[in-house]
Amino acid sequence: MAPALGFLICGGAMSSSQVSYDSQPPQLSGIGFARWIWRQLTSMRTALVLLLLLAIASIPGSIFPQRSQNPLQVNEYYQTNPEIARWIDRASLFNVFSSPWFSAIYILLFISLIGCVVPRTWEHFKSARALPPITPKNLERLEEFHQFSTNWNESELLKHASSELNRRRYRLRTLPDSIGAEKGFIRETGNLLFHLSLILLLIGVAYGSLGGMRADVIVSEGETFTNVATSYDSLSTGGLFSIDDIPPFTITVKKFTAKYDLVTNAPIDYRLDAQVVDEPNKAPRDVVVKVNKPLTFGDARVYLQANGYSPIVTVRNSVGAIVLRGPIPFLPQDGNLTSIGSIKVPDMQPQVGFVAKFLPTFERTVERGGFSTYPEALKPVLDLAAWSGDLGLDSGIPQSVYRINTEKLTQIGLDALSPGQKWELPNGVGSITFDGFTPWVNLQVVRDPGKAYSLVGAVLILCGLLVSLFGRRHRIWVRVSQKDGDTIVQVAGLTRSPGLDEEIRTLVAVLQEKSEIGKEDNVKE
Amino acid sequence: MSKSDLAFLSNDLIYASMAICALAFLVFAYELAWSIRLGEEKTTLTRRQKVIRIAQALTILYFLLLFAGVVTRGLSAGRVPWGNMYEFSITGALAFTLAYLVASLKFEVQWLGILITFASLLTLGTAVTLLYVPSAPLVPALKSPWLVIHVAAAIISGGVFLLANCIAAAYLILEQVEKKRAGARPEWAVRLPKLETLDQLSYRLVALVFPLWTFAIIAGAIWAEAAWGRYWGWDPKETWSFITWVGYAAYLHARVTAGWRGKRAAWLCLIAGSTFLFNYIYVNIWGTGKHTYSGL
Ligand code: HEM
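Residues numbered from 1 in each chain as written. Chains lettered and ligands numbered in written order. Predicted model: local features only at pLDDT ≥ 70, side-chain atom pairs only at ≥ 80, totals over all residues. Heavy atoms only, no water.

Looking at the overall build of chain B
Right, on to step 1. A count of helices and strands for chain B gives nine helices and zero strands.
Right, on to step 2. Shown N-terminal to C-terminal, the secondary structure of chain B runs as helices and strands in the order α-α-α-α-α-α-α-α-α.
Right, on to step 3. Expected size for 296 residues packed as a compact globule is a radius of gyration near 19 Å; at 20 Å, chain B falls within 12% of this value.
Right, on to step 4. In terms of its C-alpha atoms, chain B occupies a principal-axis envelope of roughly 60 × 50 × 30 Å.
Right, on to step 5. For chain B, the proportion of its 296 residues judged to be buried stands at 60%.
Right, on to step 6. Restricting the contact set of chain B to residue pairs at least 6 apart, pairs at least 24 apart contribute 79%. (Helix = DSSP H or I, 4+ residues; strand = E, 2+ residues; numbered from the N terminus. Rg over C-alpha atoms; globule rule 2.2 N^0.38 Å. Buried < 20%, exposed > 50% of the residue type's maximum accessible area, 1.4 Å probe, protein only. Contact = heavy atoms within 4.5 Å.)

Some details on the interface of chain A and chain B
Right, on to step 1. Facing the 53 residues of chain A at the interface are 45 residues of chain B.
Right, on to step 2. Remark: the boundary between chain A and chain B carries two salt bridges.
Right, on to step 3. Between Arg301 of chain A and Glu225 of chain B there is a salt bridge, with the nearest N and O atoms lying 2.6 Å from each other.
Right, on to step 4. At the boundary of chain A and chain B, one finds 11 residue pairs in polar contact (both at pLDDT 80 or more).
Right, on to step 5. Among the elements of the structure, helix 1 (2-10), helix 3 (44-63), helix 8 (185-211), strand 8 (267-277), strand 11 (300-316), strand 21 (431-447) and helix 9 (451-470) of chain A are those that each provide at least two residues to the side of chain A that touches chain B. (Salt bridge = Lys/Arg side-chain N within 4 Å of Asp/Glu carboxyl O. Polar contact = N/O pair within 3.5 Å; in protein donor to acceptor, adjacent residues only side chain to side chain.)

Quick word on the domain arrangement of chain A
Right, on to step 1. On domain assignment, one finds that chain A holds domain 1 (33-114), domain 2 (131-184 + 472-524), domain 3 (208-306 + 445-462) and domain 4 (308-443).
Right, on to step 2. Computed over C-alpha atoms only, the centres of domain 1 of chain A and domain 2 of chain A are separated by 53 Å. (Domains from an automatic or database assignment.)

Digging into a nonpolar patch on the surface
All names here are of chain A.
Right, on to step 1. Taken together, Trp38, Ile107, Leu108 and Ile111 make up a surface patch of nonpolar side chains, about 350 Å² in accessible area.
Right, on to step 2. No other element matches the three residues that helix 6 (residues 100-129) contributes to the nonpolar patch.
Right, on to step 3. Mapped onto the secondary structure, Ile111 falls in helix 6.
Right, on to step 4. The partly exposed category is assigned to Ile111, whose relative accessible area is 31%. (Patch = residues over 30% accessible without salt bridge, like charges linked within 9 Å, V, L, I, M, F, W, Y side chains within 5 Å. Areas by Shrake-Rupley, 256 points an atom, 1.4 Å probe, with all protein chains shown as cover.)

Some words on the pairing of strand 4 (residues 213-220) of chain A
Residue and element names in this part refer to chain A.
Right, on to step 1. In terms of burial, strand 4 is a largely internal element, seven of the eight residues being buried.
Right, on to step 2. Of the pairings in the sheet, the one linking strand 4 to strand 6 (residues 234-237) comprises four bridges and is antiparallel in character. Across the sheet, residue Met213 finds its bridge partner in strand 6, namely Thr237.
Right, on to step 3. As defined by bridge partners, strand 4 adjoins strand 21 across eight bridges and the pair is classed as antiparallel. Considered in strand 21, the bridge of Arg214 is made with Val446. (Pairing = 2+ DSSP bridges.)

A word on the sheet that holds strand 15 (residues 351-359) of chain A
Residue and element names in this part refer to chain A.
Right, on to step 1. As summarised here, the arrangement of the five strands in space is 13-14-15-18-19, forming an open sheet in which the pairing is antiparallel. Among the strands making up the open sheet, the edge pair consists of strand 13 (331-332) and strand 19 (409-417).
Right, on to step 2. Sheet topology note: the strand 15/strand 18 (residues 381-389) ladder contains nine bridges and is antiparallel. What sits directly across from Ala356, in strand 18, is Leu384.

Quick look at the nonpolar core
Right, on to step 1. Leu112 and Leu163 of chain B are the most contacted members of the largest nonpolar core, which totals 114 residues.
Right, on to step 2. Of the residues forming this core, the biggest block, 14 residues, is contributed by helix 5 (residues 146-180) of chain B.
Right, on to step 3. Ignoring any residue separated from it by four or fewer positions in sequence, one finds Leu163 of chain B in contact with Phe96, Ala99, Tyr100, Ala103, Leu112, Ile116 and Leu205 of chain B.
Right, on to step 4. Judged by nonpolar contacts, the second largest core, of 54 residues, contains Tyr260, Tyr270, Ile343 and Tyr374 of chain A. (Core = buried A, V, L, I, M, F, W, Y, C linked by side-chain atoms within 4.5 Å.)

Points about the packing of aromatic side chains
Each aromatic ring pair is specified by the distance between its two centres and by the angle formed by the two planes.
Right, on to step 1. Within the structure shown, the criterion is met by 31 aromatic pairs over all chains.
Right, on to step 2. Between Tyr260 of chain A and Tyr374 of chain A, the aromatic rings sit 6.2 Å apart at their centres with planes inclined by 70 degrees, giving edge-to-face as the arrangement. In this pair, Tyr260 of chain A is assigned in strand 7 (residues 250-260) and Tyr374 of chain A in the loop between strand 17 (369-372) and strand 18, connecting sequence segments 114 residues apart.
Right, on to step 3. Residue Tyr260 of chain A is classed as buried on the basis of its relative accessible area of 10%.
Right, on to step 4. Residue Tyr374 of chain A is classed as buried on the basis of its relative accessible area, which comes to 8%.
Right, on to step 5. Arranged with centres 4.0 Å apart and planes meeting at 5 degrees, the rings of Phe161 of chain B and Tyr248 of chain B form a pair that is stacked. (Phe/Tyr/Trp six-rings, centres within 6.5 Å; stacked < 30°, edge-to-face > 60°.)

Okay, here's the thing in structure tokens:
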């Protein structure tokens, strides 16, 4: 395949100037070898092979779960096949798109494209001013060749051919006995535009991930979020990002409304009413955020990504003093928002923790236990299992806020509460009241400074593609000579795009007609 | 007519279109079997052409019924009928058949009918059995003008890619047949276009829709930026769209600049096409990721 691909790249519309490829490294050492490497890398063949490689390398990313998209599934993988998972991880197959080998292909492609296309663009612009190529010696060897003889005057004929080709927007080179004509410069321009735009797209992608950030925060109804690094639940940033790049806006979640389809339980509409302050000391403004309508702050945007419920509970200790109160976000497990969470009360002696399930529309079966049958809170119930002992919060190992490590705990009771109900814990430990619930939303703050470049790159890629696919490039030569008192007219052409044969046939027909008594005596296929 | 009446009507129309499509397939198949059996007798050619014409009329009828089915499905949900994989499949079959009918106005491709009706039946059969979901409103992420732009571009590209692939497959089959008989064609294949014509045709179709496919991906990316907070996240559907794009780009490159023709080009075309099908079938049904609106 390699030789074919080689031709694939160096031939064709790109090659106004033919580039030759040495397939063997030269026997030189040092600079010579480095130059050979550079030439190999920056050949279009290499660029295309790298693009193919990039496509192939992305396949495992769609087969194995990716940490960046689906961390839970990666954990599952680890739990079921720890040994295999470790090997998969060693090959970066859980992080394909940030793996060293994927980045290597990406960077090589980038270098290869630049090294290949930039010099070609230069060549192309030089050749824009150049005249069409000199008429080849043996026109009859070209793919399209016509010849006829006439007794018309040579220079008259050439003049006619010139004006005819001119009319069809050919650029001309006039020689004493012949003319060379060229059209379809645009096709090559399109091709170059395509490849240059590909570089721009890659720059946009790289700049976006280096200078960008992505952060998530869960905000319950009624709460206010301030955009500073410490208020995020999770934050990932590129190497060039600084937190000063995004303004310290605030968002107050006033009301979140979700509508569901009564038959399929699928969501129909999410709407977040919020009040935002763009910068400290600016006047607040009311906004509506929807799934396809993010908020914009400078070059950062805030997306409504997910939602769930936060049960509101009050926990009292043995003497009735409040030790914990407030909404606690729970994690949805299914489309009906069966949600799990944990309520940790470290300020009790001994410490108490609740492993909890919030069921917006409660249902219970023997096999499944409690679950929800509709995402809206039609019959909300809080399922609780109380544990007492050491919550392990001081161990220094970070814990999930949704789960409790029950290793050093003993279960002291189970109960299910409706809103307003209170549960007196056994042995006079204290009590918990299920006061109600409030929705939460997951806001995602994203800054991608490269996306404008990517968009321009992508649109130009499309333009370049259209021009290079549908633009036509033709070269035509007309030569006249004398033979036995007759004028021999030869017309020939070269192309890689369709339509030349017809172009030449009509040209010949016109010339014959003009020279009146033309008689064609040789048409070569 | 109420919305649920419309939904039922749509189902009936889809079933009816499948019945007619099956009929069209049988007529195409009958014609093929006939011409294989008759062998060298040339006199039957015009009669066979009549049979083909009947089959094509049935195909048009099937297309109209399917069209009505898709439209009523959209009306029953009060939106464009592209919200889940069932709807995507029926519209895809529609686009595919339309591409065939339009192409048969300009080129001699009537003979492809047997492949077209077969592929349509397969698509629709899968849709009504495996993929069917009741008509319902759109989920919030799909409520966007980009639904029309992105999905229409994707469906049309898909239909034309598949047509190009059918032609490439026909090329490979005929090439094999001709090779066995040292260049001569059996009677049933005589009226089929020359190999070169097939080769050119599948190339032209791909070249025509490749920019549209590029546009579908770009539109998807613009939409993803608004809906998901990033324009490209290597979600399985995005990954495979990219792979298909590179596949067809390689095919075009190979033809335009390396002069690949015939068998090698047809194989390359089939490989690129199979990545599209893989994306459609595997990623929608078994894949994970953000692009799962299939409702399965
Ligand atoms: C870079 C981003 C995207 C790419 C590359 C992409 C690619 C595709 C492709 C290839 C199809 C064709 C059908 C198929 O193979 O299954 C498709 C269909 C579809 N796309 Fe996208 N898409 C993108 C973003 C989006 C976004 C943001 C949405 C909606 C929020 C969306 C919604 C749909 C829907 C509803 C269909 C038709 C139904 C289906 O096949 O599931 N796409 N997309």
